[in-house]
Amino acid sequence: MNNNMNYCYKTDWQEAKQRMQDWWEGKKVDRAIARITAPLPSPDTPRSTKMISEVPGIYTDPEIIFNNLNCTLEHTFWGAEAFPRHFVYLGPMFAAACLGCRPVFTENTTWYESPYKNLDDLVENFRFDEKNEWWRLLNKITDLSARRSHGQYVVTQNNICNIIDILAELIGTENLLVAMMEEPEKVKSIRDKIAALG
């Protein structure tokens, strides 16, 4: 964690950082590690007005994303070892979009429409394309967030998540369950290709 963190949202950043570091290294700490957050009343001089709930902008539009991030950071108590953070989130299991599915954004989640008909189609056509628009958007927003954080918050993003869930998005749950029984080696092969990405 950056030693030059700005204490704008968390005044006890250094203390919390030291406690986390000691705990991680197996040292004795003075109390249990905890992540405590709670809503705060509006600050006297907010930098942002209010949360914007426009879909798909809440996932894809940097201006809306950073407006909402500012609202969250300003209106949250970051207690104990809760660090102000931006979890760059375009939806659950977003790796499915990075592997060819079309995301369908809703107010509360993201669904996926797959281009693959079945496991054989996936095995034959599977590839990761660094020019994938969703992969590029995920990295763009992450990079923008890191550049604008100025040490005021930590930036994180989704990982590959559960590979079986991603496979279910790629070929459909029923197709996957049948394939796991009838063609387990093919399923393991594509599972390993996805795991190697991340």
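All values derive from a computational prediction rather than experimental measurement. (Residues numbered from 1 in each chain as written. Predicted model: local features only at pLDDT ≥ 70, side-chain atom pairs only at ≥ 80, totals over all residues. Heavy atoms only, no water.)

Caption draft 1: Highlighting the nonpolar core. The biggest cluster of nonpolar side chains holds 41 residues, and the ones touching the most others in it are F94, L122, I166, L167, L170 and I194. Taken together, the elements giving at least two residues each to this core come down to α3 (62-74), α4 (95-98), α5 (119-125), α6 (133-149), α7 (163-171), α8 (173-182) and α9 (184-195). Per-element tally for this core: the top contributor is α7, with six residues. Discounting chain neighbours no more than four positions away, the residues touching I166 are M93, A95, A96, L99, I160 and I194. (Core = buried A, V, L, I, M, F, W, Y, C linked by side-chain atoms within 4.5 Å. Buried < 20%, exposed > 50% of the residue type's maximum accessible area, 1.4 Å probe, protein only. Helix = DSSP H or I, 4+ residues; strand = E, 2+ residues; numbered from the N terminus. Contact = heavy atoms within 4.5 Å.)

Caption draft 2: Examining α3 more closely. For α3, which comprises 13 residues, the first-to-last C-alpha distance of 18 Å matches the rise-based estimate of 18 Å (1.5 Å per residue) to within 8%. With eleven of 13 residues buried, α3 lies mostly within the body of the structure. Taken as a whole, α3 has its buried residues at P62, I64, I65, F66, N67, N68, L69, N70, C71, L73 and E74. On its buried face, α3 sits against α2 (57-60), β2 (76-80), β3 (85-88) and α6. Near the N-terminus of α3, the side chain that reaches the backbone nitrogen of E63, with its oxygen 2.8 Å away, is that of D61. (Expected span 1.5 Å × (residues − 1). Polar contact = N/O pair within 3.5 Å; in protein donor to acceptor, adjacent residues only side chain to side chain.)

Caption draft 3: Representation of the packing of aromatic side chains in the model. With the rule as written, the count across this model stands at eight aromatic pairs. Taking the centre distance of 5.9 Å and the plane angle of 50° together, the rings of W23 and W24 count as tilted. Given the relative accessible area of 70%, W24 is considered exposed. Where F94 meets W134, the ring centres are 6.3 Å apart and the plane angle is 85°; that geometry is what we call edge-to-face. Taken together, the residues span a long stretch of sequence, with F94 in the loop between β3 and α4 and W134 in helix α6 at a distance of 40 residues. Take F94: its relative accessible area is 3%, and that puts it in the buried class. You can call W134 buried: its relative accessible area is 16%. Taken together, Y59, F94, F105, Y112 and W134 form an aromatic cluster joined through their ring pairs. A cation over a ring is seen here: K10 above F83, with NZ or CZ 5.8 Å from the ring centre. (Phe/Tyr/Trp six-rings, centres within 6.5 Å; stacked < 30°, edge-to-face > 60°. Lys NZ or Arg CZ within 6 Å of the ring centre and 35° of its normal.)

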